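Coordinate inspection notes
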Amino acid sequence: MKEQIAAIQTEALARISAAEDERMLEDARVAVLGKKGSLTLAAAGIKDVPKEEKAAVGQLLNAARTEITAALESKQLALREIADRAALAGIDPTLPGRPILTGALHPLTQIRDEAIRILRRMGFALADGPEIEDEFHCFDALNTPADHPARNEKDTFYFDSGKLLRTHTSSVQIRTMESATPPVRIIAPGSAYRRDEIDATHLSVFNQLEGLYVAEDVSLPDLKGTLEYFLRELFGTSTEVRFRPHFFPFTEPSFEIDVKLQVKGQAPRWIEVAGCGMVDPAVFDSINKGRKDDAFNPDKVTGFAFGMGLDRLAMIRWGIKDIRLLIENDVRFLKQFA
Amino acid sequence: MNVSLNWLGTHLDVAGKSIKEIDDLLTFAGVEVEGIETKGIASEKIVVAQIMEAVQHPNADKLKVTQVDAGEGSLRQIVCGAKNYKVGDKVPCALPGAALPGGFTIGEAKMRGVESKGMLCAASEIGLPEGEDGLLILPEDAVIGRPVKEMFDSDVLLELEVTPNRPDLLSHRGMARELAALLKTPLIPLETPEEKLASAEGKIRVEATDTCPFYSAIRIRGVEVKDSPAWLKQRLESIGLKPINNIVDVTNFVLHELGQPLHAFDAAKVSGAIVVRPAKDGEIFHALDDEKYELSGEDLLISDESGAALALGGVMGGLESGVSASTTEILLEAAYFTPQGIRRTSRKTALMSDSSYRFERGVDPAGVLKASALAVKLILETAGGEADAAVLAVGEIPVLTQPVVLDAKKLDQLMGGSIALAEAEEILTRLGLTKLADGQWSVPSFRADLQRHIDLVEEIARVHGLDNVPSRFAGAFVPASAVDAAYDADMVLRRRLAALGVFECQTIKLISDAQMQDALPLRPLQDGDVIRVKLPLSEDHVVMRPSIIPGLVASAVRNVRQQAKALRFFEMGRVFRNAGGGKAKDQESENLALLVSGNAQSAAWSQKERAADLYDLKGLISALLRNQAIQFFPRDRDGFVLSCDIKAGDQNIGVFGRIAPTRARELDLPAETHVAELDLAKLRKMISGVQHVEDLPQFPASTRDAAMELAATTANAEIEKVIAKHAEPLLISAECFDVFTDPSGEKLAADRKSVAYRFTYRDSGRTLKSDEVDAAHQKMLAALTKGLGVSFR
């Protein structure tokens with residue numbers, strides 16, 4: 001019996017050691033430790049062993065089982081390690097990843113959203129108005145003289161109906177004040193149209209962002225603080241901002257705003273980014289007349305308005321040399337904004 | 001407007017001012033400086049030097065080593081390559097530190113091993129007009145050591161943009177007056193002789209007093225028309241004008257000196273009285289630019305008693321009536337024409353002159369006769385002759401200004417208390433206003449733009465400068481608007497599409513007639529629904545887009561030409577149309593358009609190339625709207641094949657189509673180019689996300705697959721319809737996972753197809769037993785057999 005056990009053990013260990021994969025190892029386990037395995041059968045023979053030897057044989061059986069089980073376990077670990085390593089063969093992490101289609105927001109959307117997010121943080125709400133406008137909202141109510149050059153058919157698109165394509169988003173100021181009461185604090189992004197031939201710096205359809213704040217005691221310090229803050233948020237906190245006196249029919253005093261920017265490879269220079277001014281009392285008069293009330297009494301409320309070209313801001317921000325890139329939608333261009 | 005700094009210097013002492021100071025001063029006065037051009041020699045360090053010796057350079061055949069006397073007590077060694085001089089000549093010598101045009105500065109250097117301490121200069125090298133080859137040889141009497149700039153005229157030309165409210169700045173005198181006020185320095189007084197006025201009875205007749213409230217003319221006899229003297233030519237040339245003859249030059253000079261346009265007629269060409277009259281409708285005017293203009297009763301003509309048109313009043317002289325070499329007697333016109341009249345005529349005839357530019361902005365009415373007097377004086381000086389003792393005048397010189405109140409309280413509010421009243425008043429005084437009683441201010445005649453309190457505030461703010469105003473960071477709280485909500489929804493949609501691999505486009509909202517065939521508006525267009533601009537810039541931009549798709553198609557075409565493989569585009573924005581055949585006008589709404597074409601998957605080591613098809617676009621819409629069931633319902637639309645209405649749930653949200661094959665071929669687009677246009681207003685309501693979270697199922701689901709055979713022409717939607725109608729309560733989903741056809745007819749008749757569905761059953765309250773699932777499934781199959789006659793494989 002003892003010899004038999006020793007033989008089983010030797011053979012089992014040899015078979016385990018020779019196993020080339022987990023399946024052969026399992027076969028070896030079943031052949032030795034399975035229901036009809038050699039050691040299992042041998043163990044069943046213990047009942048025929050003389051009583052005084054039973055303990056010693058039992059010990060031998062246990063020792064053999066323990067050793068075989070340990071060999072099985074360590075062989076399994078060794079085989080798995082080999083298999084795990086083999087599973088990595090042929091994987092080349094330096095091959096490129098699977099292509100996944102990516103898109104992008106248009107640069108105009110990006111710059112507009114950036115501007116809107118800043119201004120909303122500053123408490124402005126969005127407003128809009130029609131692009132096919134009438135002369136009243138585009139010019140008359142904005143204190144623009146009847147024979148102002150902008151009203152010319154050579155500069156502005158008209159329709160047979162007498163309506164026109166708004167030449168600026170300032171018409172939204174009027175649309176808003178017609179139905180709101182102070183305080184009015186709005187921004188209006190949108191398209192505007194001018195009868196300009198399309199070239200590297202002009203589009204006949206372009207994008208503006210208008211702003212208007214009307215309340216009691218709105219003053220030049222408000223206009224200055226608001227626009228300085230906005231432009232510094234947009235261009236960097238240390239950006240220099242200057243206000244040059246200018247002229248617009250619907251604001252007085254009026255200013256153009258420059259920021260000092262450094263275009264790569266050039267000396268820093270002043271670049272015009274926006275127009276602004278205090279709402280001309282004549283605009284309030286016209287609103288009140290239309291509303292038939294006194295909601296915008298120029299003796300009680302004052303306000304400022306501003307406007308900027310978003311296409312221009314995008315060109316400045318990203319060094320875009322030709323404005324037509326913004327409407328041609330060349331994927332090679334759009335991809336850069338992904 | 002061009003301004004010469006030297007000319008400005010005749011009105012104001014600007015000698016101590018740098019160009020930069022003047023630039024800043026004008027900029028912050030509200031005058032945009034668009035260009036600065038320096039003429040002549042700028043640097044003081046270019047001096048007269050005499051060449052005392054010139055020997056061959058030891059190491060260079062073409063160079064000489066010179067010793068020059070630049071008046072420094074010792075000679076200076078300079079290596080020079082020029083050949084046109086001889087020893088003893090005087091030439092310009094740029095000393096170390098001299099800045100030359102082109103932005104480089106002279107230093108000391110070794111040239112081929114020989115020291116060279118400066119540079120001998122050619123004319124073009126120091127900013128003078130190109131001369132002969134080689135060094136600029138100076139006259140023998142040039143003083144050694146003196147700056148060469150003293151021997152040549154130098155000037156600075158300022159290109160200025162004056163805003164339309166400031167016509168008073170459109171002259172050198174006006175600009176000097178403004179600078180004097182800003183600099184707090186006096187203007188050099190301008191002496192003009194007093195003119196005597198005489199009645200023009202029978203000599204001038206004004207029949208258009210509304211557009212010409214004041215007209216004057218003075219006769220000068222015995223003039224000699226010839227070239228202008230050098231000073232006058234130089235003045236005109238300094239601002240880029242070409243001298244013509246002494247008479248015309250004087251009128252041009254006065255215009256740019258004082259801002260008042262004048263006109264000189266050849267008196268021999270005027271028959272009888274001067275008649276200032278409205279043009280006749282259809283009257284043709286032959287202008288001195290040799291063009292003919294058709295006029296109407298709104299235009300103002302200066303004519304004579306014969307009716308012949310001498311000039312288009314305030315705009316341009318006539319071809320025949322002008323001063324020529326044979327002229328001996330002139331009539332000098334000085335008038336006030338109203339801005340409105342001139343603007344109308346100038347715009348209609350597209351004729352713009354220095355004269356019309358000033359009249360249409362508004363000249364100083366009080367300056368009309370001063371300008372005439374100055375011109376007479378200068379004509380007599382340059383052309384001789386004798387002027388009449390008095391000016392013939394008709395009408396009244398208009399008074400356009402009136403006292404304006406400055407409201408101290410309002411000023412303080414608007415300026416945020418940043419300026420004291422006394423300081424504000426001092427600014428107004430400097431600008432030529434005079435304080436009257438009761439806060440009233442009298443306004444000078446040249447500032448007709450100052451009519452209201454706010455106009456005075458503007459002047460104060462402008463001169464005070466926004467730099468001196470504090471910044472306030474505050475504002476009222478206001479509620480968000482519906483536009484805010486729409487914007488936020490649009491940004492969600494945009495970001496989703498970008499993340500789904502779609503590029504956002506921006507196209508021009510005016511499209512061509514040819515592009516209209518690519519339009520796929522939500523509702524088909526009737527005649528009269530298309531909105532066209534009246535005077536398009538070109539045939540490419542004629543129609544307000546009723547659909548965004550034409551723009552996306554054009555973008556796709558452009559990208560195909562650039563070899564782009566994957567075309568996945570979207571654009572959001574306004575579309576424009578009338579409705580009901582034009583009954584409802586100018587409707588603006590907002591759409592989202594999509595275009596998918598070319599590769600859906602590019603070729604790579606890891607995957608095969610795959611062309612995008614209809615289902616890519618449909619899948620894109622499903623991914624965009626997520627929890628919405630997207631369904632397509634075929635409906636014919638012009639210009640497209642496979643066109644469908646798109647439904648999300650039970651709402652119609654847009655239209656879909658594949659560009660018709662002939663059009664795709666014409667545009668060189670991939671054959672399968674699919675587009676969709678969606679109603680953005682509806683989409684915004686579909687992305688609000690989950691309203692109330694559903695509990696997760698507690699019990700397992702069971703699936704059963706079924707492959708049904710049916711006619712190849714039966715749409716999948718028919719199967720979906722039957723499943724929906726059957727409304728099995730245990731069914732939670734039914735997904736089509738295979739469609740099989742066999743055109744060869746071997747495995748399946750060619751006119752049949754096999755569609756495989758996976759049905760999933762679950763009860764929310766308990767685990768279903770297998771036979772319960774089977775029973776529900778059999779009922780489902782029976783319903784499909786009954787509804788569509790399908791057989792199961």
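Residue numbers here run from 1 along each chain, matching the order of that chain's written sequence. Working convention: letters from A go to chains and numbers from 1 go to ligands, in the order in which they are written. Side-chain atom pairs in this predicted model are given and counted only at pLDDT of 80 or more, local residue features only at pLDDT of at least 70, and totals for whole chains, interfaces and linings cover all residues.

Quick word on the overall build of chain A
Convention followed: Only runs of H or I of at least four residues qualify as helices and only runs of E of at least two qualify as strands under DSSP, and these elements are numbered from the N terminus. The globule rule used here is 2.2 Å times the number of residues to the 0.38 power, and the radius of gyration it is set against is calculated over C-alpha atoms. The burial criterion counts other C-beta atoms lying within 10 Å of a residue's C-beta, which is placed from the backbone; the residue is buried at 20 or more, exposed at 12 or fewer, and partly exposed between these limits.
Summing up its helical and strand segments, chain A has 12 helices and 9 strands in all. Radius of gyration (C-alpha) of chain A: 42 Å, far over the 20 Å computed for a compact globule of 338 residues. Seen through its C-alpha atoms, chain A measures out along the principal axes to roughly 130 × 45 × 45 Å. Relative to its full complement of 338 residues, chain A shows a buried share of 42%.

Regarding helix α4 (residues 51-87) of chain A
Residues and elements named next belong to chain A. Here is the rule we go by: Any helix carries an expected span of 1.5 Å times its number of residues minus one. The contact rule is simple: place each C-beta atom from the backbone, and if two of them lie within 7 Å, those residues are in contact.
With 37 residues, α4 should cover 54 Å at 1.5 Å per step; its first-to-last C-alpha distance of 53 Å lies within 8% of that length. Buried within α4 are the following residues: L61, A64, I68, A71, L72 and K75. In the core, the buried residues of α4 are packed alongside α1 (2-18), α2 (22-33) and α3 (38-44).

Here we look at the packing of helix α5 (residues 246-258) of chain B against helix α8 (residues 368-383) of chain B
Residues and elements named next belong to chain B. Put simply, the rule is: For helices, the axis comes from a line fit to the C-alpha atoms of the stretch in contact; other axes are also lines fit to C-alpha atoms, and the angle between any two N-to-C directions lies between 0 and 180 degrees. Two helices cross in a left-handed way if the nearer one is turned anticlockwise from the farther one by less than a right angle. They cross in a right-handed way if the turn is clockwise. The residue classification treats Ala, Val, Leu, Ile, Met, Phe, Trp, Tyr, Cys and Pro as nonpolar and Asp, Glu, Lys and Arg as charged. All others, Gly included, are polar.
Running from N to C, α5 and α8 point in directions that differ by 145°, and their axes come no closer than 9 Å. As for how α5 packs across α8, the hand of that crossing is right-handed. Here N246, I247, V250, T251, F253, V254 and L258 of α5 come into contact with α8, specifically with K370, A371, L374, A375, L378, I379, T382 and A383. A class-by-class count of the residues in the contact of α5 with α8 yields 11 nonpolar, 3 polar and 1 charged.

Considering the UniProt feature "binding site: Mg(2+)" (unreviewed entry) in chain B
Under the convention used in this document: UniProt positions are given in the numbering used here, feature names are shortened, and annotations may be inferred rather than shown by experiment.
Taking the numbering used here, the UniProt-annotated feature "binding site: Mg(2+)" (unreviewed entry) corresponds to D449, D455, E458 and E459 of chain B. Here D449 of chain B shows up in the loop between β28 (440-442) and α11 (453-464). Taking the C-beta count within 10 Å as the criterion, D449 of chain B has 21 such neighbours and is therefore assigned buried. When sequence neighbours within four positions are dropped, the list of residues in contact with D449 of chain B reads N165, R166 and D455 of chain B. Mapped onto the elements of the fold, E458 of chain B is located in helix α11. Excluding anything up to four places from it in sequence, E458 of chain B contacts E252 and P253 of chain A.

Points about the domain arrangement of chain A
Quick reminder of the rule: What counts as a domain boundary in this text is fixed by an automatic or database domain assignment.
As assigned here, chain A comprises domain 1 (2-87) and domain 2 (107-337). Inter-centroid distance (C-alpha atoms) of domain 1 of chain A to domain 2 of chain A is 88 Å.

A short note on the nonpolar core
All names here are of chain B. As a reminder, the rule being used: For the purposes of this analysis, a nonpolar core is taken to be any set of buried Ala, Val, Leu, Ile, Met, Phe, Trp, Tyr and Cys residues that are connected through C-beta atoms within 7 Å.
Within the largest apolar cluster, 145 residues are counted, with the highest numbers of intra-cluster contacts made by L552, A593, L594, L595 and A676. The leading source of residues in this core is strand β32 (residues 566-579), at 7 residues. The contact partners of L595, leaving out residues within four places of it in the chain, are L552, V553, A556, L567, F569, T673 and V675. One finds A208, A279, L301 and V391 within the second-largest nonpolar core, a separate group that totals 64 residues.

What to know about the UniProt feature "binding site: Mg(2+)" (unreviewed entry) in chain A
Feature annotation in UniProt places "binding site: Mg(2+)" (unreviewed entry) on E252 of chain A, given in this structure's numbering. If you trace the backbone, E252 of chain A turns up in strand β7 (residues 251-261). We classify E252 of chain A as buried; it has 22 C-beta atoms within 10 Å. Look past the residues within four positions of E252 of chain A in its chain and what remains in contact with it is G277, M278 and D280 of chain A together with I454, D455 and E458 of chain B.

Focus: the UniProt feature "domain: Aminoacyl-transfer RNA synthetases class-II family profile" (unreviewed entry) in chain A
Per the UniProt annotation, the sites labelled "domain: Aminoacyl-transfer RNA synthetases class-II family profile" (unreviewed entry) are residues 109-316 of chain A. When the span residues 109-316 of chain A is considered, its composition is 29% helix and 32% strand, and the gap between its end C-alpha atoms is 15 Å.

Let's talk about the domain arrangement of chain B
When its domains are assigned, chain B resolves into domain 1 (8-40 + 155-183), domain 2 (46-151), domain 3 (196-395), domain 4 (404-468), domain 5 (483-684) and domain 6 (702-792). Taking only C-alpha atoms into account, the centre of domain 3 of chain B sits 37 Å from that of domain 4 of chain B.

As for the interface of chain B and chain A
Across the boundary between the two partners, chain B contributes 77 residues, which contact 69 residues of chain A. Tallying contributions element by element places helix α12 (residues 482-499) of chain B first for the side of chain B that touches chain A, with 7 residues. Grouping the constituent residues of the side of chain B that touches chain A by class yields 39 nonpolar, 20 polar and 18 charged.

What to know about the pairing of strand β20 (residues 300-304) of chain B
Residues and elements named next belong to chain B. The following threshold applies: Being paired, for any two strands, means DSSP has found at least two bridges between them.
In terms of burial, β20 is a largely internal element, 4 of the 5 residues being buried. Where strand β17 (residues 274-278) lies against β20, 5 bridges are found, and the strand directions are antiparallel. Paired with R277 across the bridge in β20 is L301. Looking at chain direction, β20 and strand β21 (residues 309-312) are connected through 3 bridges and run antiparallel.

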